[in-house]
Amino acid sequence: MASVSATFRHALRRSLTSHATRPSPTLWHARALHSTPVVLKKKGKGSASEADDLFGESEADSEELFPSSSGDLFTDARPSKSSSSSVSASSTQPIPPHRPSVPLPRSVGSEPRFEEMIKVLHAYLVDKSTTTIPRSTMWLHIINVAASREHLERVAELFPKWRDVKRPFPPHTADHFAKRCERLRCPELALKIFSDHPKYGLDLTFDAARVVLHGLQASRPRLQSPPVTSDLLCTTMLLRALNKDGSEESLTVARTLVPALEKLLNKANPRTYSLQNKAQRPHGAKEKKWLAWTLNYLQSHIGEEWLKQWMEASGYAAFTAKGLAPP
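Criteria and thresholds
Residues numbered from 1 in each chain as written. Predicted model: local features only at pLDDT ≥ 70, side-chain atom pairs only at ≥ 80, totals over all residues. Heavy atoms only, no water. Helix = DSSP H or I, 4+ residues; strand = E, 2+ residues; numbered from the N terminus. Buried < 20%, exposed > 50% of the residue type's maximum accessible area, 1.4 Å probe, protein only. Contact = heavy atoms within 4.5 Å. Areas by Shrake-Rupley, 256 points an atom, 1.4 Å probe, with all protein chains shown as cover. Expected span 1.5 Å × (residues − 1). Polar contact = N/O pair within 3.5 Å; in protein donor to acceptor, adjacent residues only side chain to side chain. Core = buried A, V, L, I, M, F, W, Y, C linked by side-chain atoms within 4.5 Å. Phe/Tyr/Trp six-rings, centres within 6.5 Å; stacked < 30°, edge-to-face > 60°. Lys NZ or Arg CZ within 6 Å of the ring centre and 35° of its normal.

Enquirer: Let's hear about the overall build of the protein chain: which residues, and what values?
Expert: Along the protein chain, the regular secondary structure elements total 18 helices and zero strands. For the protein chain, the residues scored as buried account for 35% of the 327 residues in total. Taking all contacts inside the protein chain whose residues are at least 6 apart in sequence as the whole, residues at least 24 apart take part in 66%. Entry remark: accessible area of the protein chain is about 20,600 Å², with carbon and sulfur atoms responsible for 57%.

Enquirer: Could you give an account of the environment of Pro134, naming the residues involved and the relevant values?
Expert: Relative to the assigned elements, Pro134 resides in the loop between helix 5 (110-125) and helix 6 (138-145). Here Pro134 falls in the buried class, since its relative accessible area comes to 0%. Through-space distance from the C-alpha of Pro134 to that of Val120 is 7.3 Å; in sequence the pair is 14 residues apart.

Enquirer: An account of helix 14 (residues 232-245) is needed here, citing residue identities and associated values.
Expert: Look at helix 14: 20 Å from first C-alpha to last across 14 residues, which is about the 20 Å you get at 1.5 Å a residue. Of all the positions in helix 14, only Leu232, Leu233, Thr235, Thr236, Leu239, Leu242 and Asn243 are classed as buried. In this structure, the buried residues of helix 14 make contact with helix 15 (248-267) and helix 16 (285-302). Between the side-chain oxygen of the N-cap and the backbone nitrogen of Leu233 there are 3.2 Å, and the N-cap of helix 14 in question is Asp231. Immediately beyond the C-terminal end of helix 14, within one or two residues, lies Gly246, with a positive phi of roughly 80 degrees.

Enquirer: Any details on the nonpolar core? Residues and values, ideally.
Expert: Grouped together as the largest cluster of nonpolar side chains are 37 residues, with contacts concentrated most on Trp139, Ile142, Leu152, Phe159, Phe177 and Phe194. Counting only elements with at least two residues in this core, the list comes to helix 5, helix 6, helix 7 (149-156), helix 8 (159-164), helix 9 (173-183), helix 10 (187-194) and helix 12 (206-218). With seven residues, helix 5 is the largest single contributor of residues to this core. Those residues in contact with Ile142 that sit more than four places away from it in its chain are Phe114, Met117, Ile118, Leu121 and Val155. Leu232, Leu233, Leu239 and Met311 belong to the second largest nonpolar core, which has 25 residues in total.

Enquirer: Residue-level account of the packing of aromatic side chains, with values.
Expert: Across all of its chains, the model carries nine aromatic pairs by this definition. Note on Trp139 and Trp162: the rings are 5.5 Å apart at their centroids and 75 degrees apart in plane angle, and the pair reads as edge-to-face. With Trp139 in helix 6 and Trp162 in helix 8, this pair connects stretches of sequence that are 23 residues apart. Exposure class is identical for Trp139 and Trp162. Each is buried. Put simply, the rings of Trp139, Phe159, Trp162, Phe169, Phe177 and Phe194 pair up and form one aromatic cluster. For the cation-ring pair, Arg240 lies above Tyr297, with the distance from its terminal atom to the ring centre recorded as 4.8 Å.

Below, the structure is given as structure tokens:
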């Protein structure tokens, strides 16, 4: 009996020693816990950690403003019929207390979220009341929650300020802006922004260009856009650009526009376009010089007699023969 008791005590001592020297799986799992914003939120913390500072970054920081699973940035801000009542109520509810560095939840509604992000961008770019740099991806999200043309115009007004502080726009900003303009039925606003690159600094991509063209085509009855071949100066400049490109595709298009140029010159009185004529109609002095040098370029490429005769009658041949630098 004594030997059995001694054997039992020996085995129990070895078991206790093994448990004391080797951590249990439970302890290993406990050490794997971390204090991410999601965990803190589940634990009922009242404030987010520094990792959730979504409205501020250093010069080298380029993290995403929101997780990629936050939704399609092209999603229409207009509510569906089934959820119109809930969205309407959320868009008018007061803004809950929150840290300025933490974005408002989606339950608040698009209008307060838009105003919140505009306020952050305006404070850094216009008022200069903060040195905290907003994350560049904020542009994608503020475009996404814009619900009217007036919203998009307010966003576009800040584009030059962002360019002035030498901060890059995130990829696909142009695509998002064009898509939102089409969704809100204001493609002419996209055309205005993309056509003035020195001011707004937003690079036009092929994807954005397709969206803008589609939007303009769909709204053409309202825009009443005249064809390019109805204007003499526009036709000549387009022909010059096509000939200067020199590709077979460009030259093919250029050849189809030559009859339109001949038709326009036959209707145009050379004396009216003369540089000696001080009248501002149909073009001012600057536009007449543009026309003179453009036609001079085309004459060397087209070589048509009717173009040569019109150049001589308008005085453009003598003007360009002086060898002055084109304007």
